[in-house]
Every structure is written in structure tokens, then in C-alpha cells.
Amino acid sequence: MKLFSSRPSLRGKIAFAYAAIASLTLAISLFAYEELRLLEDEILLGERVSELFDTALEIRRFERNFFLYGQDADYRENVAYSTRMLGLLDSNARDFVTLGAGQRLAELRGELTRYRQAIEACFAASREQPDRLKQLEPDVRTTGQNIVAASEAVVAAERQLVKHSLSSFRVMLFFSVAGVALLMIAVGQALSRRVVQPLKQVEDSLTAVARGRRRALAMPGEDREIVSIVTAFNQVLKELEERQKHLLRSEKLASMGTMVAGVAHELNNPLSNIWSSCQILLEDNTLATDSPQRNMLRQIDDQCVRARDIVRSLLDFTRERRFQVETLPLEPLVRQTLRFIKDDTPHELEIGLDIPSDLAVRADPQRLQQALLNLIKNAMQAAGERGRVSIGARRHAPGAAAPADAGLAPCRDMAAIDIRVSDNGPGIPPEILPRIFDPFFTTKDVGKGMGLGLFIVYQIVEEHGGCISAASEDGRGATFVMRLPEDGESTWTHEKA
Ligand code: ADP
């Protein structure tokens, strides 16, 4: 999976997009919270401004009563309210300045001070100087009106401020919602581009594969998840293709085997008749020893023997016989097989054996020996007198990949033993590699090969529920691997089909 670690991942991108949306939403929420807090402050300030305005109205109310009825109590209430108003101005001086009505507030304070002096003078004159009171009254009333007007201006300024804050809050809210909506649309589009489109491409590729226009899926993106899905799909397609090839080859070889068996049966009788007749003629003493007729009969005899051997090996192979599978320790079996061909083994040929002693397979001993014999003989012939043949075995863990061993893929998931026979001969040209298991396929000279060895090996491996592969790299010898089921608990038998 190292391949994928440096790739960008869809998961990362989705997480990043959601983090961006969450951060934006959080920032907007904090901003809105702060705005609401300011609005709350402004509303509280509005309450104090309203109190200021109400106090100004009370001042005027007691002023009117004082001039109407001349009561001391009205004068005192008036003074108390003006004192209160001065107190309000002092205690809220800083907050009121934020209203942007500084000038108005300064005027208000000045008017209020003048008003206090004027009404105090009126109160003093109200006892003994009614005329002077009459003179002073208009000034008090005018100043009182100014106070109410200035208070109204402050109230208006505060309302303006709240209105402004509300409208900017509305604008901020609109742009925030629009911003989040745009971001979500962008994220949606990016996700569609990164996920939906590649999946659509995968679907199109799969349709093309199903219709036989493609063999593998095209890679629609670079994201780790997409790459991993497409790689897995392509792996499955490759394995399916290999299994299909294997199946086709098995079916082809099985029907060829049936045909070959039929032909062998049919040939057997005429061949025996020809051979018997030839023998009778050869025993006829009327023919001179060196006569051309006798030489021809000898040739017929030789060819009959050769044909008989072919038919015999075919009949032997296809004969109904008991197929008995048992647990076979591998190493002794291979050593015994090598002993069988000891006399045919060139002196200088190097044979390497690498088979762990604890390996055992489930197989029919004679059949497995026959298969081993055919493979080893071929390897020896290919390697030549001074060549090298290696026979090895190792355990195959179910599911473990076998690189370059396409023929073994169908047996990938079984617990098995891989038996490897390789040589350093000239190798097998790629153009004939797909045909080497066919019956009667041979590249050897007449009389040296019948082309049945590998066909028989293939059938034996199939009978055991195993797989076989052949590989060869230009001029670097050939390697055959038989994968057979590993030794299990029970011994089983069945009649060969
Ligand atoms: P035969 O040995 O009678 O030709 P086989 O079925 O055993 O029949 O082999 C078929 C062909 O496969 C051989 O003729 C040869 O071309 C090729 N072959 C088999 N084994 C090897 C090998 N070890 N190296 C090179 N070619 C091989």
C-alpha cells in the first residue's frame, strides 16, 4: 500500500471541505454573537436615553405647575428632576458620546445649568417680587424647551444608531448566509467532480469491459480511494481472465484427450494386425537376408513398434484404473524418481535438490511420479549434458500472490505445495508456450519426442485438483511449477473419471 500513501485522498479532501465550512460557520456565529451583544448594549443605552428624555418632560411638567400654582413642592420636584438629569448626563457621559451627539450633549448640559439658575431666580422672586417673576418666566420656558429639544435630538441619534446597527446586521447576515451557500455549492461541485464523475467513468469502463471493448478499467482520477477501487477491479478482471483461460485450456485438453483415447483404441487393432502380418512375413525364410523386401519389412516392423509405444502410452494413460490419493512425503518421492532415470542421466549434468523434508502432498504416488518423471526428463534434455536442473518445493500459503505464474492463479486460494522443476536450457519461445501442453505438440526430432509428456503432466495435475504453470525467459531456461494440495488429515480415494 506504499503506492497509495503519497496520493491525495478523497477522505482528506472531504474532511478539509467540511472543516472549511465549519470554520466559516463558527466565524459567522462569533461575529453575529458579537453584533447581537453590541445591539443589546445599544438597546440598554436607548433605555437610559429614554429616561433622560422622560426626565426632561418631568422638569417641564413641574415647571408649568410651578408657574401656574406657585407651589414650593412643584419647584422642589422640578429641581430634583433637573438634578437627576445632570446626574444621568454625568454617569452616562462616555456612553452618550458614542451616540455621536457630543455637541448636543454639551448644549444640553449648558442649557440645564442655565435653566437651574433661571428657575432658582424665579423661585426667589416668587415670594416678594411677582413682577420680576413675570420677567424671568419666558427665559425659563425657552430654556426648558431647548432642554426638551436637545433631549429629543439625543433620542433621535440613539434610534438612528440602533437602526444603523440593525441594517448592518441584516447585511452581514445576508452575506454570511450567501457565503456559506456558495461554499457549500463549491464543495458539492468539487465532490461531484472528484467522486461522481470518476464513478461514472468507472461505470462506462465496466460497460466497455462487459462488451469486450476493453480488458481493464481506465484510471479516472488520482485520489487514493478511486485508485484503490480501480486497481482492485482490474485485479479481479485479470484473475477472471486467467481463470477463463485456464478453464478453456482444461476443456480443450479434456476433449482432445477423449478424442486421442478414441483414436488410440481404434488404431490398436489394425496396428496389431499389421505388426503380426509383418512378423509372419519376416519369419518367412524365402526372403534373402539383405533383400530390399526384408529391409522394408524391418522398417515396417520398427515403425509398428514406435506406433505401438505411442498407442500403449495413450491407452495406459486413459485406461480406467483406480486413482488413490495418499499422503506422500515429497523429498523421498523425488529422490526415488531420480533413481529411476539414473542410467539415462548424463554424468556431468548437475542436479540440485531443494525440498524441505517436512513437505508432503496429497497425491496418487504412481501418477505424481509419472508427472515428475516427464518434467525432469524434459528439463534434462533441454539442459544438455553439462547443464543444470533444479528441483525445489515450498509451501504456498492460501491467497499469496504468485508473480508471473498466471497458470497458478486458479489455485491461489488453496493450501498447497509448489513443486518447481527448472533448467538452464535454451528455454521455451513465447510463441510456442501456449501450446506445449497440447497432445502431440513437440519440437523434437522424429523419434525423439511424441509430444505427450506435458499433456500427461497436465492431466495428472488436473486430476489432483492442482494447477501447473510454465515460464521461460529468453534463453534463460524453463521453469515448470506444479501446485498440488498440501497434505491434509484424511485419505480419500475416487475412481478416475
Ligand atoms: P516431447 O518432450 O515429447 O516433445 P512434451 O509434451 O514433453 O513432449 O513437450 C512438448 C514440447 O515442450 C517439447 O517438444 C519442447 O518444445 C517443449 N518443452 C518441454 N519442456 C521443455 C524444457 N524444459 N525446455 C524447453 N522446452 C521444453
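Conventions and cut-offs
- Residues numbered from 1 in each chain as written.
- Predicted model: local features only at pLDDT ≥ 70, side-chain atom pairs only at ≥ 80, totals over all residues.
- Heavy atoms only, no water.
- Helix = DSSP H or I, 4+ residues; strand = E, 2+ residues; numbered from the N terminus.
- Expected span 1.5 Å × (residues − 1).
- Buried < 20%, exposed > 50% of the residue type's maximum accessible area, 1.4 Å probe, protein only.
- Contact = heavy atoms within 4.5 Å.
- Disulfide = S-S within 2.5 Å.
- Pairing = 2+ DSSP bridges.
- Axes fitted to C-alpha atoms, helices over the stretch in contact; angles between N-to-C directions.
- Near = heavy atom within 4 Å.
- Polar contact = N/O pair within 3.5 Å; in protein donor to acceptor, adjacent residues only side chain to side chain.
- Areas by Shrake-Rupley, 256 points an atom, 1.4 Å probe, with all protein chains shown as cover.
- 1 Å grid on protein atoms, 1.4 Å probe; cavity = no way out; pocket = protein on both sides within 12 Å on 5 of 7 lines; lining within 4 Å.
- Sits in = over half its atoms within 2 Å of the grid points.
- Nonpolar A, V, L, I, M, F, W, Y, C, P; charged D, E, K, R; others polar.
- Points joined across faces, edges and corners; volume = space filled by probe spheres on them.
- Core = buried A, V, L, I, M, F, W, Y, C linked by side-chain atoms within 4.5 Å.

A.B. asks: Just checking my understanding: could you explain helix 3 (residues 72-91) for this structure?
C.D. replies: Along an α-helix, residues three or four apart share an orientation, since each turn contains 3.6 residues. Between the first and last C-alpha of helix 3 there are 28 Å, a value that for 20 residues agrees with the 28 Å anticipated at 1.5 Å per step. Residues of helix 3 that are buried include every one of D74, Y75, N78, V79, Y81, S82, M85, L86, L88 and L89, and no others. Contacts from the buried residues of helix 3 go to helix 2 (10-69), helix 4 (93-97), helix 5 (102-128) and helix 6 (130-210).

A.B. asks: Explain the state of the cysteines here, please?
C.D. replies: Joining two cysteines, a disulfide is a covalent bond between their sulfur atoms. Tallying each qualifying case throughout the model produces 1 disulfide. At a sulfur-sulfur separation of 1.8 Å, the disulfide partner of C411 is C467. Negative torsions about the S-S bond denote left-handed disulfides, and the value of about 80° found for C411 with C467 makes this one right-handed. Residue C411 is located in the loop between strand 5 (388-396) and strand 6 (416-423), and its partner C467 is located in strand 7 (residues 467-472); the two are separated by 56 residues in the primary sequence. For the pair shown, C411 and C467 are each scored as buried. Here C278 stays free of any disulfide, with the sulfur of C304 as its closest cysteine sulfur at 5.8 Å. In this structure C278 comes out as buried when scored by relative accessible area, which is 2%.

A.B. asks: Quick question: what am I supposed to make of the sheet that holds strand 8 (residues 478-485) here?
C.D. replies: Each strand in a sheet pairs with its neighbour through backbone hydrogen bonds, running either in the same direction (parallel) or in the opposite one (antiparallel). The strand order 3-5-6-8-7 describes an open sheet built from 5 strands, whose pairing is mixed. Since the sheet does not close on itself, it has two edges, and those belong to strand 3 (350-354) and strand 7, each with one partner. Mean inter-strand twist for the sheet, computed between neighbouring axes without regard to direction, equals 15°. As paired strands, strand 6 and strand 8 are joined by 7 bridges and run antiparallel to one another. Bridging across to strand 8, R420 finds its partner in V481.

A.B. asks: Would you mind going over the site of the ligand with me for this structure?
C.D. replies: The immediate surroundings of the ligand are formed by 20 residues, with N378, T442, T443, K444 and L454 found nearest. One of the side-chain nitrogen or oxygen atoms of N378 is found 2.7 Å away from an oxygen atom of the ligand. G453 is positioned with one of its backbone polar atoms (N or O) 3.4 Å from an oxygen atom of the ligand. When the free accessible area of the ligand is taken as 520 Å², the share hidden by the protein chains comes to 92%. Placement of the ligand is best described as lying within the largest pocket. Looking at the shell around the ligand, the elements with two or more residues in it are helix 10 (365-383), helix 11 (453-463) and strand 8. If one sorts the elements of the shell around the ligand by residue count, helix 10 sits on top with 3 residues. Residues belonging to the shell around the ligand are distributed by class as follows: 11 nonpolar, 7 polar and 2 charged.

A.B. asks: Just to check I follow, could you spell out the side chain of N234 for this structure?
C.D. replies: Tracing the sequence through the fold places N234 in helix 7 (residues 224-282). Here the side chain of N234 touches L217 through a polar contact of 2.7 Å, landing on its backbone nitrogen. What N234 contacts, discounting residues up to four positions off in sequence, is A216 and L217.

A.B. asks: When you look at the layout of surface pockets in this model, what are you seeing that I'm missing?
C.D. replies: If you roll a probe as big as a water molecule over the atoms, it shows you where there is empty space left. The space that makes up the largest pocket amounts to roughly 1,200 Å³. If you go around the largest pocket, you meet 43 residues; those closest to its centre are N374, N378, K444, G453 and L454. Among the elements that take part in the lining of the largest pocket, helix 10 stands out by supplying 10 residues, more than any other. Residues of the lining of the largest pocket, tallied by class, amount to 18 nonpolar, 13 polar and 12 charged.

A.B. asks: Can you walk me through the nonpolar core in this structure?
C.D. replies: Most often, soluble globular proteins keep nonpolar side chains buried together rather than apart. Within the largest apolar cluster, 53 residues are counted, with the highest numbers of intra-cluster contacts made by L330, L368, I436, F437, F480 and M482. Per element, the largest residue contribution to this core is 9 residues, and it comes from helix 10. The residues touching F437, leaving out its near neighbours within four places in the chain, are R249, L253, L454, F455, Y458, I468, A470 and F480. Residues F53, A56, L86 and F96 belong to the second largest nonpolar core, which totals 35 residues.

A.B. asks: What should I look at first to understand the side chain of T55 in this one?
C.D. replies: Positionally, T55 belongs in helix 2. Under the relative-accessibility criterion, T55 is labelled buried at 2%. Among all residues touching T55, those that are not within four sequence positions of it are Y81, R84, M85 and L88.

Geometry only, nothing functional implied.
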